[in-house]
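The residues making up each chain are set out below.
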Amino acid sequence: MDWHQQYIGKVKQAVFSSQKTGRRRVIVSTEENVIASLDLRHGEIFWRHLLGSNDVIDGIDIGLGKYVISLSSGGSILRSWNLPDGQMVWESFLQGPKHTKSLLLVSTNMKIEKDNVIVVFSNGRLHAVSCIDGEVLWKKDFETESFEAQQVIQPPGSDLIYVVGFTAASQFEMYQINARNGELLKHESATFSSGFLREVSLVSSETVVALDSTGSILLTISFQNGEISIQQTPIANLVEDSSGPAIMIPSSIPGIFAIKTKSVTIFIRVIGKGKLEVVEKTNHETAVSNALPISEGQQAFALVQHAGSEIHLAVKLAHDWDDNLLKESIKMDQQRGIPHKVFINNYIRTDRSHGFRLLIVMEDHSLLLLQQGAIVWGREDSLASIIDVTASELPVERDGVSVAKVEHNLFEWLKGHMLKLKGTLMLASPEDVAAIQSMRLKSSEKSKMTRDHNGFRKLLIVLTRVGKLFALHTGDGHVVWSHLLHKSEACQSPIGLNLYQWQVPHHHALDENPSVLVIGRCGPSSDAPGVLSFVDTYTGKELNSLSLVHTVVLAIPLPYTDSIEQRLHLLIDSDKHAHLYPKTSEALSIFKREFSNIYWYSVEDHNGIIKGHALKCKCTGEVADEFCFDTRDLWSVVFPSESEKIIATVTRKLNEVVHTQAKIIADQDVMYKYISRNLLFVATVAPKGSGEIGSVTPEESWLVAYLIDTVTGRILHRVTHHGAQGPVHAVFSENWVVYHYFNLRAHRYEMSVIEIYDQSRADNKDVWKLVLGRHNLTSPISLFSRPEVTTKSQSYFFTHSVKSIAVTSTAKGITSKQLLIGTIGDQVLALDKRFLDPRRSVNPTQAEKEEGIIPLTDSLPFIPQSYVTHALRVEGLRGIITVPAKLESTTLVFAHGVDLFFTQLAPSRTYDSLTEDFSYALLLITIVALLAAIFVTWRLSERKELQDKWR
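Residues numbered from 1 in each chain as written. Predicted model: local features only at pLDDT ≥ 70, side-chain atom pairs only at ≥ 80, totals over all residues. Heavy atoms only, no water.

Secondary structure assignment for the protein chain yields 7 helices and 64 strands. Across its three principal axes, the protein chain shows a C-alpha extent of roughly 125 × 80 × 60 Å. Counting all 951 residues of the protein chain, 50% fall into the buried class. A sequence separation of at least 24 residues applies to 50% of the contacts in the protein chain between residues at least 6 apart. (Helix = DSSP H or I, 4+ residues; strand = E, 2+ residues; numbered from the N terminus. Buried < 20%, exposed > 50% of the residue type's maximum accessible area, 1.4 Å probe, protein only. Contact = heavy atoms within 4.5 Å.)

What follows is about the state of the cysteines. For the structure shown, the criterion picks out 1 disulfide. Through a disulfide, Cys-619 is tied to Cys-628; the S-S separation comes to 1.8 Å. Note on the Cys-619 and Cys-628 pair: the S-S dihedral is about -70°, so by sign convention the disulfide is left-handed. Free of any disulfide, Cys-617 has its nearest cysteine sulfur in Cys-619, 7.8 Å distant. (Disulfide = S-S within 2.5 Å.)

Of all the 6 residues making up strand 8 (residues 77-82), 5 are buried; the element is thus mostly covered by neighbouring parts of the structure. Sheet topology places strand 7 (residues 67-72) next to strand 8; 6 bridges connect them, and they run antiparallel. Paired with Ser-70 across the two strands is Arg-79, which belongs to strand 8. Between the end of strand 7 and the start of strand 8, which pair antiparallel, lie 4 residues, with Ser-73 showing a positive phi angle near 55°. Relative to strand 9 (residues 88-93), strand 8 is paired through 5 bridges, and the arrangement is antiparallel. By the bridge assignment for strand 9, Ile-77 is matched with Phe-93. (Pairing = 2+ DSSP bridges.)

Our next topic: the environment of Leu-571. Within the element layout of this structure, Leu-571 appears in strand 44 (residues 567-572). Residue Leu-571 is classed as buried on the basis of its relative accessible area of 1%. A sequence separation of 561 residues divides Leu-571 from Lys-10, and the C-alpha atoms of the two residues are 31 Å apart. Apart from residues lying up to four places away in sequence, Leu-571 is in contact with Ile-519, Leu-532, Leu-548, His-550, Val-552, Leu-554, Ala-555, His-577, Ala-578, His-579 and Tyr-581.

Mean pLDDT over the protein chain works out to 86, with 92% of the residues at or above the 70 mark. Predicted confidence for residues 400-407 stays below pLDDT 50, and this span has 1 contact to residues more than four positions away or in other chains. (pLDDT = per-residue confidence, 0-100.)

Inspection of the entire model under this criterion finds 23 aromatic pairs. Consider the rings of Phe-142 and Tyr-175, whose centres lie 4.6 Å apart with planes at 75°: the pair is edge-to-face. Here the residue Phe-142 occupies a position in the loop between strand 13 (136-141) and strand 14 (147-153), and Tyr-175 occupies one in strand 16 (residues 171-178), the gap between them amounting to 33 residues. Each member of the pair Phe-142 and Tyr-175 is classed as buried. The rings of Phe-121, Phe-142, Phe-147 and Tyr-175 are connected pair by pair, giving a single aromatic cluster. Lying across the ring of Phe-797, Arg-748 places its NZ or CZ 4.3 Å from the centre. (Phe/Tyr/Trp six-rings, centres within 6.5 Å; stacked < 30°, edge-to-face > 60°. Lys NZ or Arg CZ within 6 Å of the ring centre and 35° of its normal.)

The next point concerns the nonpolar core. Among the nonpolar cores identified, the biggest contains 36 residues, and Val-28, Leu-359, Leu-472 and Phe-894 are the most heavily contacted of them. Leave out the neighbours within four places in its chain, and Val-28 touches Ile-8, Val-11, Gln-13, Ala-14, Val-34, Ile-35, Ala-36, Leu-38, Ile-60 and Leu-359. Of all hydrophobic cores here, the second largest spans 21 residues; its members include Ala-300, Phe-356, Leu-358 and Leu-370. (Core = buried A, V, L, I, M, F, W, Y, C linked by side-chain atoms within 4.5 Å.)

Turning next to the sheet that holds strand 14. What the 4 strands build is an open sheet, ordered 14-15-16-17; its pairing is antiparallel. The open sheet terminates on both sides in strands that have one partner only, identified here as strand 14 and strand 17 (184-191). On average, each strand axis in the sheet is inclined to that of its neighbour by 20°, with strand direction left out of account. By the bridge criterion, 8 bridges tie strand 15 (residues 160-167) to strand 16 in an arrangement that is antiparallel. Its bridge partner lying in strand 16, Thr-167 is registered against Gln-171. (Axes fitted to C-alpha atoms, helices over the stretch in contact; angles between N-to-C directions.)

With that settled, the discussion passes to empty space enclosed by the protein. As enumerated under the stated definition, the model contains 1 cavity of 30 Å³ or more in all. Its boundaries defined by the atoms lining it, the largest cavity holds a volume of some 30 Å³. Forming the boundary of the largest cavity are Leu-313, Leu-326, Glu-328, Phe-356, Leu-358, Leu-370, Gln-371, Gln-372 and Gly-373. Elements represented by at least two residues in the lining of the largest cavity include exactly strand 30 (320-331), strand 32 (354-362) and strand 33 (367-371). Partitioning the lining of the largest cavity into residue classes produces 5 nonpolar, 3 polar and 1 charged. (1 Å grid on protein atoms, 1.4 Å probe; cavity = no way out; pocket = protein on both sides within 12 Å on 5 of 7 lines; lining within 4 Å. Points joined across faces, edges and corners; volume = space filled by probe spheres on them. Nonpolar A, V, L, I, M, F, W, Y, C, P; charged D, E, K, R; others polar.)

In this model, Tyr-581 is joined to Pro-582 through a cis peptide bond whose omega is 0°. Located in the positive-phi region is Gln-372, a residue other than glycine, with phi close to 55°. Mapping Gln-372 onto the fold places it in the loop between strand 33 and strand 34 (374-379). A positive phi angle, close to 50°, is found at Glu-734, a residue other than glycine. Positionally, Glu-734 belongs in the loop between strand 55 (724-733) and strand 56 (736-743).

Bringing helix 4 (residues 585-593) into the picture now. All of the buried residues in helix 4 are Ala-587, Leu-588, Ile-590 and Phe-591. Along the axis of helix 4, the buried positions cluster into a sector of 165°, meaning they face one direction only. More than 90 degrees from the buried face of helix 4, the exposed residues found are Ser-585 and Arg-593. In this fold, the buried residues of helix 4 make contact with strand 43 (554-561), strand 44, strand 45 (577-581), strand 47 (609-618) and strand 48 (628-638). (Arc of directions from axis to C-beta.)

Right, let's get into the pattern of salt bridges. In total, this model carries 32 salt bridges according to the counting rule given. Across the pair Glu-656 and Lys-817 runs a salt bridge whose closest N-O atoms are separated by 3.7 Å. Linking Glu-656 in the loop between strand 49 (645-651) and strand 50 (662-664) with Lys-817 in the loop between strand 59 (802-807) and strand 60 (818-823), this pair joins segments that are 161 residues apart in sequence. Taken as a pair, Glu-656 and Lys-817 share a single burial class, namely buried. (Salt bridge = Lys/Arg side-chain N within 4 Å of Asp/Glu carboxyl O.)

The 4 strands lie next to each other as 35-36-37-38, forming an open sheet whose pairing is antiparallel. Either end of the sheet is taken by a strand with one partner, and the two such strands are strand 35 (386-393) and strand 38 (479-484). On average, each strand axis in the sheet is tilted by 20° relative to the strand beside it, whichever way the strands run. Sheet topology note: the strand 36 (residues 458-464)/strand 37 (residues 468-473) ladder contains 5 bridges and is antiparallel. Residue pairing for strand 37: Leu-459 is matched across the bridge by His-473.

What follows is the structure, given as structure tokens:
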């Protein structure tokens, strides 16, 4: 029932291990702050470490051939890891006077008593650190306060270190330092009036190339023998049709660098003293690697160019552009986008010639290893950054089988039995074993591509940060299809934001496939126009896409559908206009009928304001069309900035099913849950208490919890926790909310529960009224009439820090609820909601015990067997999603972070089905035995009666 998948995220840097013995591996660092060792043969993870969101990796390298060196936290932490198993060897903290760019250089030509020296520029200071034990050998401060280093260079076979960079915007600085003791040997500076762009390319150990501040002039900066000289070359002199400012493509290739303008990528060779020559220009998207030494005096580098459905690979010598060591074209899935980065590694073939492996990072964050004209393996590491999830049903299994299918199945059956026979006789080759495993997976019920009776088989549609959509099968987690948001002329860099159900056909319309709506934005800016994409959930085919003229600040799925089951959505832009989709006359007529019943809210957490909104009239002005509407503010709740700051808001899930409003309590009394989809939970803290835990005293911090009606803005409940601090994680279900925070007075975490009940239904306690229909349970309710509500609350200590909280959901809402708590240890813990019942007492009565009330304790229990994830960890856990199955007892749980985990959960056990390990054979034997016993006893009884009659 469970599956667990491990990922690493988009690779930023890769270093190939040069060990001649043992398994070949590559060390990578990623945007998810993961350091990992990957098997070059299959792409599997040997080991990895997730450093955390506050410990961003600045650089990695390999020292002495057996240590992985990592620099992180803005250059403040230097660590060494054992290459074979990933165990930490040592850790050093590097302090400095200011925050600057961090640079890491592991010296290979300077050894002191069999110890390599690691040179680090960070926090405005240069450090030399021992590779064996992490001891700081020397450190060097720089005179100029605003100096920002761009490169730390050590010429081959030299004891000198050059540190080059910029001061302010127009001055280039060069420091020459003795690598053995940190002594400053020379300091030179040069000024260029037009200023510099910060990025530089290293073309030799004594030459770098930079761009001026306008991006139109190339500056070749040489510091040979400690003397700085700057040569200027306008780009227009090299390329006649260059348009717009250029940017430098980061690379380190002897004598060659690359720049990119709006339309072309240009490769330029440095000749002699600052002379430049264009060697190639291309309109294709291009990625270039750093240089790799392959023999004495020879260095090679790789180019990868994207051309439609193919990518072109080339490996060239740095000193001979025209000679290709390797030139290949490979078919590439267009859903992977363009290549972003490439890393090169070489090996010696049996004929003593050089072979090359290319590790390519694609636009969709996937990682591919290419060798000998083929993709050896690929990793879908975009799944490490999921931002939204929804579920879709699989197609219904159709009746009727063609003759061709029967013949094919017969052939597959015979082939399968032959393979199994070979496997039994130990005659199967590795290919046969792989085929047997593949056939077992195909024949497995849980991975079939059709619906099952219990609703366990579904598609999880996930949207990743890069804007790629995946369909994952709940049976085994395999990727059914993937779709990358496509670029268009109107939008060159779409980014996915949210995912919604668009069309969910009912059983009478099964000829239509379900589809989802992806709402995105054209670029990272919040005021960028929106993008809509409609995707078929069965095939992954994009049905339609729209580039909007307005922004999308908020998307509201409405509870209305048209005749073809398309759900109506309202998109709110930054100018507070509401736009209706789909833009059809039928949708508009449905919308107008419900015009006065549509309300929503917005939270301005930076201003401490919550506002309620409603529709006003059709838009006026430039954006006017019949599907655009002006909005009006109905109410606002303003929290005083000097005493309260909003840190958490949560509301009920739109698709949650509530089985009954009535709750029978111990004395046969009835309490009625206050069920409203318009309730909002808000948590605020004192401004001083919004920092890290322990940064304030208990007297300076408090937490206030509110329940607010979002139609009227009425505050239904307010409670203050003195001496409490965030972060707050909360979940809202039915008529209750549970939230987690830190108690400064007790120095422990706490969880509190609030349940809200409807007093206006309190007179419905007479059974005859319910039977005769004289109750008011079906009478219409208006939120504008003041509700008569009462609340019950309780607080408990909890052992764990929490990352996320969710609640189980089932098809009919009958099954008991469980809280799913994502702990700081990246595991998911299931906690029965009964432990968070505010009616718990120290000595419950017999009637309360029969109801299921648990005796009160000050702490919530910690049961190791309640871990849903068992011994596994979902590294970087960010969210927990629950999806109801058709079987009422069961809910499907999906946890995502850097890893993915899926399981089935039965909070009240599987009371509506037999377990998988149920012995049907024993049941059959029991039935046969009973029938035999009945027959035998009947015969014996008949014989006895006959004997009695003869007497």
